[in-house]
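Next come the chains, spelled out residue by residue.
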Amino acid sequence: MIIKPSEHPGSHERHLLRKASNPLFPFAPTLDDDNLIDAQRLDHEALQTFNRDFHELLEETTSLAGNVESDVILQLKDRMDRAYESASSLGHDVSKTKDAIRKLLSFIMASVRRGAGTDMQAHQELDQEESAREAHFALLDAPLVADLLNPNSPIHPDELVPTLLSADKDELQVALQMFDEVQLLAILNQGAALLEQLQNEGVNVSLPQEKLAFIQGYAEFAGGL
């Protein structure tokens, strides 16, 4: 290979690196220059699209007048939340962009709180919302979570189980927090079937079996499976 993997890969390149020559994936690509260039191109396009959309969002937010309808504020808040998700899936170092989104969200939430006046219930609900947002943003620090939640995720639904079984345990533990009891049971069943099939084909599945056992343990602890 002439082309080298990026220092800060985006979703498409990360997923290519997960899949390359990985028997857990039904159509595992090889890691060659063509595939790597294609993944890096898609990540670059995603970065350009994000930068354009975020610039527009930034202009809208900073140009808000003193009295703004609550619907406008709420729409901007939702778009900021989605922008943070998108930024987390990008290549390159986006820490400054994510910090800027956090600051803009603080600005927006301060406006929402002013609108709530002395309504204590409203303020409690806003406290809960901010706590949930912080927990969600913490999950997005894990690249696997960011890739799974990316609106344009390269991880197809039928690749979810192979992706989880290919993750390291630290990242897997974080990602499993996204799933409820029913989803975890489905992941376990699909994972067991996949590993049995591969084992019958002569593939060494000792490592993904450890990951499946880890998922089983997490599911039993979290949901009593």
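The rules behind these values
Residues numbered from 1 in each chain as written. Predicted model: local features only at pLDDT ≥ 70, side-chain atom pairs only at ≥ 80, totals over all residues. Heavy atoms only, no water. Axes fitted to C-alpha atoms, helices over the stretch in contact; angles between N-to-C directions. Helix = DSSP H or I, 4+ residues; strand = E, 2+ residues; numbered from the N terminus. Parallel < 35°, antiparallel > 145°, perpendicular 65-115°, else oblique. Left-handed = near helix turned anticlockwise from the far one by under 90°. Contact = heavy atoms within 4.5 Å. Nonpolar A, V, L, I, M, F, W, Y, C, P; charged D, E, K, R; others polar. 1 Å grid on protein atoms, 1.4 Å probe; cavity = no way out; pocket = protein on both sides within 12 Å on 5 of 7 lines; lining within 4 Å. Points joined across faces, edges and corners; volume = space filled by probe spheres on them. Phe/Tyr/Trp six-rings, centres within 6.5 Å; stacked < 30°, edge-to-face > 60°. Buried < 20%, exposed > 50% of the residue type's maximum accessible area, 1.4 Å probe, protein only. Expected span 1.5 Å × (residues − 1).

A. Structural view of the packing of helix H2 (residues 33-62) against helix H4 (residues 95-116). For the pair H2 and H4, the least separation of the axes is 12 Å and the interaxial angle reads 30°. On the basis of the axis angle, H2 is roughly parallel to H4. By crossing handedness, the relation of H2 to H4 is classed as left-handed. Of the residues in H4, those touching H2 at Phe-50, Phe-54, Leu-58, Thr-61 and Thr-62 are Thr-97, Ala-100, Ile-101, Leu-104, Phe-107 and Ile-108. When its residues are assigned to classes, the contact of H2 with H4 shows eight nonpolar, three polar and no charged.

B. Representation of the packing of helix H3 (residues 70-88) against helix H5 (residues 120-139) within the structure. It is at 11 Å that the axes of H3 and H5 come closest, and there the two elements cross at 20°. Between H3 and H5, the angle falls in the class roughly parallel. Crossing hand, H3 versus H5: right-handed. The residues of H5 that touch H3, namely those facing Lys-77, Asp-81, Tyr-84 and Glu-85, are Glu-129, Arg-133, His-136 and Phe-137. Tallied by class, the residues present in the contact of H3 with H5 amount to two nonpolar, one polar and five charged.

C. Focus on the layout of surface pockets. Considered as a void within the structure, the largest pocket measures approximately 420 Å³ in volume. Along the wall of the largest pocket there are 19 residues; nearest its centre are Thr-49, Phe-50, Asp-53, Ser-86 and Asn-152. At the level of secondary structure, the elements contributing two or more residues to the lining of the largest pocket comprise helix H1 (11-19), H2 and H3. A total of eight residues in the lining of the largest pocket trace back to one element, the largest contributor, which is H2. Along the lines of polarity and charge, the residues of the lining of the largest pocket split into eight nonpolar, seven polar and four charged.

D. Just the packing of aromatic side chains, in detail. What the rule picks out here adds up to two aromatic pairs. Seen from their ring centres, Phe-50 and Phe-54 are 5.6 Å apart, and the 5° between their planes marks the pair as stacked. Of this pair, Phe-50 and Phe-54 both sit in helix H2, separated by four residues, roughly a single helical turn. Classification of Phe-50 as buried rests on a relative accessible area of 9%. For the ring pair Tyr-84 and Phe-137, a centre distance of 3.7 Å and an interplane angle of 10° mean the geometry is stacked. Remark: Phe-137 occurs in helix H5 and Tyr-84 occurs in helix H3; sequence separation between them is 53 residues. Residue Tyr-84 is classed as buried on the basis of its relative accessible area of 3%.

E. Structural view of the side chain of Lys-19. Note that Lys-19 resides in helix H1. Ignoring anything within four residues of it in the chain, the contact list for Lys-19 reads Phe-25, Phe-27, Ala-28, Pro-29 and Glu-159.

F. Looking closely at H3. Here H3 contains 19 residues, and its C-alpha end-to-end distance of 27 Å stays within 8% of the 27 Å for a straight helix at 1.5 Å per residue. Taken together, the buried positions of H3 are Ile-73, Leu-76, Lys-77, Met-80, Ala-83, Tyr-84, Glu-85, Ala-87 and Ser-88. Looking at the buried side of H3, the elements it contacts are H1, H2, H4, H5 and helix H6 (143-149).

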